[in-house]
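Chain by chain, the residues:
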Amino acid sequence: MTLSLLVILPLLTTIAVLLCRGQYTVRLLSFAGVVMQLILSFVLLALYWKERAAGNTAPMLFVYRHTWFTALNIDYHVGVDGISVAMILLTAFVMVGAVLVSWKITPMGKEFFVLLLILSAGAFGFFISLDLFTLFFFLEVSVIPKFLLIGIWGSGRKEYSAMKLALMLMAGSALVFLGLVILYYAAGGHHFDMMAFAQSHPAAAVQRLVFPLLFTGFGIFTALFPFHTWVPDGHSSAPTAASMFLAGISMKLGGYGCLRTVLMLAPLAAEEYSPYIITLAAIAIVYGAFATMMQRDLKYINAYSSISHCGFILLGIGMGTRTAITGAVMQMVSHGLMTALFFATIGMIYDRTHTRMVEKLGGLLKMMPFIATTFVIAGLCSLGLPGLSGFVAEITVFMGSWQHPGGAYHFATILACASIVITAVYILRATGQVIMGPVKDPHYNGLADATWNERLAGILLVAGIFAIGVAPFWLNDLINK
Amino acid sequence: MWTGIMVPLRQELMVTLILFLLLFIKVGASEYRTGTILRLVNILLLANLVLGFFPCPDATLFNGMFHTGRLIVLEKNILNLGTLIVSLLAYDWLKEHRQALEFYMLLLATLTGFFFMISSGNLLMFYLGLELSTIPLTALSGFDLEKKQSSEAALKFIISSAFSSALLLFGISLLYGATGSLGFDAIPRRLDGSAFQLFAFILLLSGFAFKISVVPFHLWTADVYEGSPVAVTAYLSVISKGAVFFIFIQALYTVFRPLAGNWNRMLILLSVLTMLTGNLFALRQNNLKRLLAFSSITQSGFILAGITGSSRAGDASVIYFILIYIFSNLGAFGVVSLISAQTGRENIDDYKGLYAANPLLSWVMAISLFSLAGIPPTAGFFGKFFLLMAGAGRGNYVFIGIAALNMVIALYYYLRVIKAIFMDSQPQPIGKLKIPLLPNIAFGLCVAGILVTGVMGWVYDYIYSLSIGF
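Residues numbered from 1 in each chain as written. Chains lettered and ligands numbered in written order. Predicted model: local features only at pLDDT ≥ 70, side-chain atom pairs only at ≥ 80, totals over all residues. Heavy atoms only, no water.

Chain B is annotated in an unreviewed UniProt entry as NADH-quinone oxidoreductase subunit N of Puia dinghuensis. Word for word, the UniProt comment on chain B under Subunit (unreviewed entry) is "NDH-1 is composed of 14 different subunits. Subunits NuoA, H, J, K, L, M, N constitute the membrane sector of the complex." The record held by UniProt for chain B lists under Catalytic activity (unreviewed entry) the comment "a quinone + NADH + 5 H(+)(in) = a quinol + NAD(+) + 4 H(+)(out)". (UniProt positions renumbered as here; feature names shortened; annotations may be inferred.)

Quick look at the structure:
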C-alpha cells in the first residue's frame, strides 16, 4: 500500500476546499476528506494484519524510499510498524470528530478547515516517517496552523496563548533540530536514516549528547515537566477542534518522537537518563493532578489532567520495559480518544450555555442527556474505570513500571498509581456539579441536545474508547507484532 | 575572436545594452507614456533573464581580470531574477514617478557593477565593480525626491559606503604590500597567516561586513532601509546583499583559504553577534520596513553560519538560501511596497485587520514571512536547515544551538505581523486595494518560488553540483 496517500489525501482535500465556494460545500468536502482518511487508515490496519499474518517479520512494512536531496543524503522515506498504525488510526478518528464538531464554525469556515486539514497531513506524515529529516519536516508543519487556529478562532487570551504555544513548540523543535544535526555528523555516515540508526546505534558518547536534546525537544510537545506551561493556555484558548487536535494528536507527536528516540536512536543513553525522565514524569503526574483539583474552568480541568495523563506516557517510556512501552503507546491512543471526546463535549456545552465554569453549570443531564452521557463516559475513562480504554492503558503502564527493578522506580510507580485517586476526586466532583444536581440557571431549561453531527462525533470517539477498553488484545497485538 | 569575448560577457553586455537603449529613449523621445515604458523595460529584463540560461563555457578574459563559469552564471541569473521581481513590484510606485527611466538606468548600472564584481579575478576589478554599483545605489536610495527622509537615507548611505570603501581599499593596499599581487590565483600562494596579512584581511573583512550589514557594521541599515523608497530597500536587501555574499564566499573559499582557521573563528563570533543584535532590535520595531531591515541583519548572521561550514555544502547552502531569500523577502517587501504606494501606511498597527479586505495580499505576506522564519513547507525551512547543517559540519554544535534558538526569537516578530494581519482589528482598516497586473505576476513568482524551490530537491542538488568547497 502506498503510505504517501495518507499525506496526499489531506493535501488534495485542502486544494479542493480552497477551490470550492460556499460554506456547505466546504463542510461536505472536508467531511468527505476526513472520512476517506478514516477508511484509508482501516485499510492500512487490515493490510498490516494480513502482512503480519502471512509471516512478514520486517521491522517496517510498506516501506517506500525516494531520494530527496542527493547531495545531503536526505530521503523521503516512509514505512509503518504497529505503533505507527495505532497512531494513524487515532489521528483519523480524532480528525473526523474534529471536523464534525466544527460544522458551523464562523467566520472564515473555509480557512478553518484548510488549516485543520494541513494539520492532519502533518500528523500523518510524522507518523509514517522513517527518515529523521522527513520526520522533522512534518513535525514543524503541524506548528503554525495551530497558531492561526488558536489566534483567529480561539477564546479568552487567545493571542497570548497562540504565541506562547508557537514559541515553546518551536523551541522544542529547535532542540530536536540540534539533536538531529549532531546525530548526522557525529554518529558517522552523514545520514538521517532512522532504520540505520536502529540497526547500529550511535556511539555511547554521541547518544549521551543527543538524547537530552531530542527527548527534551519532543518532550515539550508532550508536556514534559517543567515545559508544560503552554498546555493549559493553549488548550483552553483554542477552538474545540483545535483543542481536540492539540491534546489528542499533537501531544502524541511528542510522545511518539520520545518513543522512537528511546527505542531506535539512543537506547543506551535512555537507560542512563531514565532516573531523570521518571522523576520528571512522576512530578508531572502528581503536580498535574493536584493542579487540576484547583481549576474551575472545564477546559482548564482537561488541560491540566492532560499533563498528568501524558506523564504516564513518559513514565512508561522512561521505565523502558516491554510492557511499559506497550502501556505508553496504549495510553497515547487512549488519552488521544478520551481527551478529544472530553474537549468535544466541553465545546458542545459551551456552545449552548456560553460558560465553562463548573460552578455556573449544573443539572445538564436533564436538558442534554446525550452530551451529558458522553461527558460522563469521557470522565470515567479519564479516571480509569475498567471496561474503558483508560483503565487498560494505565494498568499496563503500572505493571510494566513495576517490572523495573529498583526501589526508587517502585516508589515512582506507587506515586503514579496514587494519582488515580486524585483524578477520581476532580473528575467525580466536576461531573457531579456539571451533570447532576439542580439546574443552576433557568435559561438552561430550553437548551437542545446534540445535533446529528455532534452525536456522530461523540459516538465515533466513544466507540473507539470501548473498542480498546473491552477488547484490548488487538491493540496489544498491533503494538507488539 | 569577438565571440570569445561576447559569449562569456553576454549577461553584462545585455544589461549595458538595455541601459543605453533607455538612455536613447530618454534623450531622443520628447514624450513617452510611463506605463508603456515600464512594460517595455520589464519585457527587456525578462529577455535578459532568459538569455542568461543559455549554456556558456568557462572562460577567463583580460589576463585573469574577469572569469566566468557555470556557478557564476547561475549567480548572475539569480540576481537577474531578483531584479526582474523588484522591477515588477515597483510598477505601482514608478507609474506615478516622473523619473522612471532614470530609476532603471541607475538600477541597471548597479547590476552591471555587481556582475563585474562577481566575475572578478583580481582585487582591482572587484573594487571597480563594487564602486560601480555603490554610487548609483546611493542615488537610488535618495530617489523619493520630495521626501526629506529619502535624502537623509542617501546621505547616510554615501557616508557609510565611503567609509567601508576606504577600509576595503586600505585592506587591499596592505594585502598588495604583503603578497605582492592583486590576482585571486596568486594571493593564496603567498598567504602564510602572519600578523600583517591578518591585519590586511581584517580590514577587508570589515569592508565586506559593511556591505552585508554584519554587526558591528550594521548601523546604517535600518535608517537607510526606512528612508529609501520601498523598491530600493527591497533591492538593497536582496540583490545588493546577495551579490556581495556571492563574492564574499568565493573570496573566502578560494583566495583566503590558507587563512581558513582564522576567519572561521571570526565569522562565528560575527555571526552570533549579528543574529542576536538583529533579533533583539527587531523585537521592538513598529515600522515594517525597519522590522524587515533588522530581520535582514539577522538573516545575514544565518548566512555567515553557513559560510563557517567551509565545505561544498556551505557554499551550496549559501547560494541556495540567497535564492530563497530573494523570493521570500521580495514577497514581503512587495506587499509593503504596494500598501505603502496606495495608502502611505507602513506600521504594523496599520496592518491590523488587513485580512478582511485583502485576503490575497495577506496570504502572500504570510507565506513570505513563514519562509523568512523557516517554517515548512516553505522554502525558507529548507534554506535555514541546510545553512545551519552546513555550519555544524565542523563540529561547532554550541554555535549552531545558539543559531537555532535565534530562529525561535525571530519567529516571534514575524508572528507579530501575522497576528496583526489575521487576528487584530482596528477602527480604520486598510480598504480593498487594487493589485495591478505586473505586481500580481511578481507575487505569483515569489509564492511559486517559495513553495517549489524547497520541496523540489533537485534545485539544491544542482547548486551543490556547481559549488566549491574544501
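1. Some thoughts on the interface of chain B and chain A
Each side of the interface is counted separately: chain B has 38 residues, and chain A has 34 residues. Buried area between chain B and chain A, both sides added, is near 3,300 Å², and the carbon and sulfur share of it is 85%. Taken as a group, Met389(B), Tyr397(B) and Met423(B) account for 21% of the area that chain B buries against chain A, more than any other trio of residues on that side. Along the contact surface separating chain B from chain A lie zero salt bridges. At the junction of chain B with chain A, the criterion picks out five residue pairs in polar contact (both at pLDDT 80 or more). Listing elements by their share of the side of chain B that touches chain A, those giving two or more residues are α14 (312–343), α16 (359–373), α17 (379–392), α18 (397–422), α19 (437–455) and α20 (457–466) of chain B. The element that contributes the greatest number of residues to the side of chain B that touches chain A is α18(B), accounting for 12 residues. (Contact = heavy atoms within 4.5 Å. Buried area = accessible area lost by both parts, 1.4 Å probe. Salt bridge = Lys/Arg side-chain N within 4 Å of Asp/Glu carboxyl O. Polar contact = N/O pair within 3.5 Å; in protein donor to acceptor, adjacent residues only side chain to side chain. Helix = DSSP H or I, 4+ residues; strand = E, 2+ residues; numbered from the N terminus.)

2. Regarding the pairing of strand β2 (residues 74–80) of chain A
Residues and elements named next belong to chain A. In terms of burial, β2 is a largely internal element, seven of the seven residues being buried. Residues Ile74, Tyr76, Val78 and Val80 point to one face of β2 and Asp75, His77 and Gly79 to the other, with burial holding for every one of them. Judged from the six bridges that link them, strand β1 (residues 61–69) and β2 form a sheet pairing that is antiparallel. Looking at the pairing, Arg65 lines up with His77 of β2. Where β1 folds back on β2, the antiparallel hairpin that results is connected by four residues, among which Asn73 adopts a positive phi of roughly 65°. (Buried < 20%, exposed > 50% of the residue type's maximum accessible area, 1.4 Å probe, protein only. Pairing = 2+ DSSP bridges.)

3. As for the pattern of salt bridges
Residue and element names in this part refer to chain A. If you walk through the whole model with that rule in mind, you get 21 salt bridges over all chains. Of the charged contacts, one joins Arg65 and Asp193 as a salt bridge, the two residues approaching to 3.1 Å between their closest N and O atoms. Placement of the pair is Arg65 in strand β1 and Asp193 in the loop between α7 (158–186) and α8 (194–199), with a sequence separation of 128 residues. Take Arg65: its relative accessible area is 43%, and that puts it in the partly exposed class. By relative accessible area, Asp193 is classed as buried at 9%.

4. Quick look at the packing of α17(B) against α18(B)
Residue and element names in this part refer to chain B. Following both chains from N to C, one finds α17 and α18 inclined at 160°, their axes separated by 9 Å at the closest point. Relative to α18, the element α17 is oriented roughly antiparallel. As α17 runs across α18, the sense of the crossing is right-handed. For the pair formed by α17 and α18, the contact residues are Lys384, Leu388, Gly391 and Ala392 on the first element and Tyr397, Ile400, Ala403, Ala404 and Met407 on the second. Taken together, the residues that form the contact of α17 with α18 break down as seven nonpolar, one polar and one charged. (Axes fitted to C-alpha atoms, helices over the stretch in contact; angles between N-to-C directions. Parallel < 35°, antiparallel > 145°, perpendicular 65-115°, else oblique. Left-handed = near helix turned anticlockwise from the far one by under 90°. Nonpolar A, V, L, I, M, F, W, Y, C, P; charged D, E, K, R; others polar.)

5. Examining the UniProt feature "domain: NADH:quinone oxidoreductase/Mrp antiporter transmembrane" (unreviewed entry) in chain B
Summarizing the sequence annotation, UniProt attributes the feature "domain: NADH:quinone oxidoreductase/Mrp antiporter transmembrane" (unreviewed entry) to residues 120–409 of chain B in the numbering used throughout. A distance of 38 Å separates the end C-alpha atoms of residues 120–409 of chain B, which is 78% helix and 0% strand.

6. Concerning the side chain of Ser368(B)
Residue and element names in this part refer to chain B. Within the secondary structure, Ser368 sits in helix α16. Given the relative accessible area of 0%, Ser368 is considered buried. When near neighbours in sequence (up to four residues on either side) are disregarded, Ser368 contacts Ser328, Gly331, Ala332 and Ile450.

7. Side note on unusual backbone geometry
The peptide bond linking Phe225(A) to Pro226(A) adopts the cis configuration, its omega dihedral lying at 0°. For Pro226(A), the location among the structural elements is in the loop between α9 (204–221) and α10 (230–237). Of note, the bond from Pro376(B) into Pro377(B) is cis; its omega dihedral lies within 30 degrees of zero at 5°. Tracing the sequence through the fold places Pro377(B) in the loop between α16 and α17. Even without a glycine there, the phi angle at Phe62(B) is positive, about 50°. Within the secondary structure, Phe62(B) sits in the loop between β1 (59–61) and β2 (66–68).

8. Section: the state of the cysteines
In this structure the tally under the stated criterion is zero disulfides over all chains. Not engaged in a disulfide, the cysteine Cys310(A) finds its nearest cysteine sulfur in Cys258(A); these two sulfurs lie 10 Å apart. (Disulfide = S-S within 2.5 Å.)

9. A word on a nonpolar patch on the surface
Together, Leu5(A), Ile8(A), Leu12(A), Ile15(A), Leu18(A) and Leu19(A) give the surface a local cluster of nonpolar side chains, amounting to about 590 Å² of exposed area. Mapped onto the secondary structure, Leu19(A) falls in helix α1 (residues 5–19). (Patch = residues over 30% accessible without salt bridge, like charges linked within 9 Å, V, L, I, M, F, W, Y side chains within 5 Å. Areas by Shrake-Rupley, 256 points an atom, 1.4 Å probe, with all protein chains shown as cover.)

10. Digging into the environment of Pro226(A)
Since its relative accessible area comes to 44%, Pro226(A) is described here as partly exposed. Through-space distance from the C-alpha of Pro226(A) to that of Leu280(A) is 7.9 Å; in sequence the pair is 54 residues apart.

11. As for the environment of Ser141(B)
All names here are of chain B. Mapping Ser141 onto the fold places it in helix α7 (residues 123–141). The exposure class of Ser141 is buried, given its relative accessible area of 0%. Spatially, the C-alpha atoms of Ser141 and Ile367 are 27 Å apart, while their sequence positions differ by 226 residues. Leave out the neighbours within four places in its chain, and Ser141 touches Ser150, Ala153, Ala154, Phe157, Ser228, Pro229 and Val232. A distance of 2.9 Å separates a polar atom in the side chain of Ser141 from the backbone oxygen of Thr138.

12. With respect to helix α17 (residues 389–403) of chain A
All names here are of chain A. For α17, spanning 15 residues, the distance from its first C-alpha to its last is 22 Å, which sits close to the expected 21 Å at 1.5 Å a residue. Of all the positions in α17, only Ser389, Gly390, Val392, Ala393, Glu394, Thr396, Val397, Phe398, Gly400 and Ser401 are classed as buried. As for α17, its buried residues are in contact with α13 (298–319), α14 (322–353), α16 (369–383), α18 (407–434) and α19 (452–470). (Expected span 1.5 Å × (residues − 1).)

13. Things to note about the packing of aromatic side chains
Residues and elements named next belong to chain A. Taken as a whole, this structure holds 71 aromatic pairs over all chains when the rule is applied. On the numbers, 5.8 Å between centres and 90° between planes, the contact of Phe31 with Trp103 is edge-to-face. With Phe31 in helix α2 (residues 23–53) and Trp103 in the loop between α3 (82–101) and α4 (109–128), this pair connects stretches of sequence that are 72 residues apart. Comparing Phe31 with Trp103, the two get one shared label, buried. Between Phe112 and Phe113, the aromatic rings sit 5.8 Å apart at their centres with planes inclined by 90°, giving edge-to-face as the arrangement. Each member of the pair Phe112 and Phe113 is classed as buried. Directly above the aromatic system of Tyr350 lies the positively charged group of Arg356, at a separation of 5.1 Å from the ring centroid. (Phe/Tyr/Trp six-rings, centres within 6.5 Å; stacked < 30°, edge-to-face > 60°. Lys NZ or Arg CZ within 6 Å of the ring centre and 35° of its normal.)

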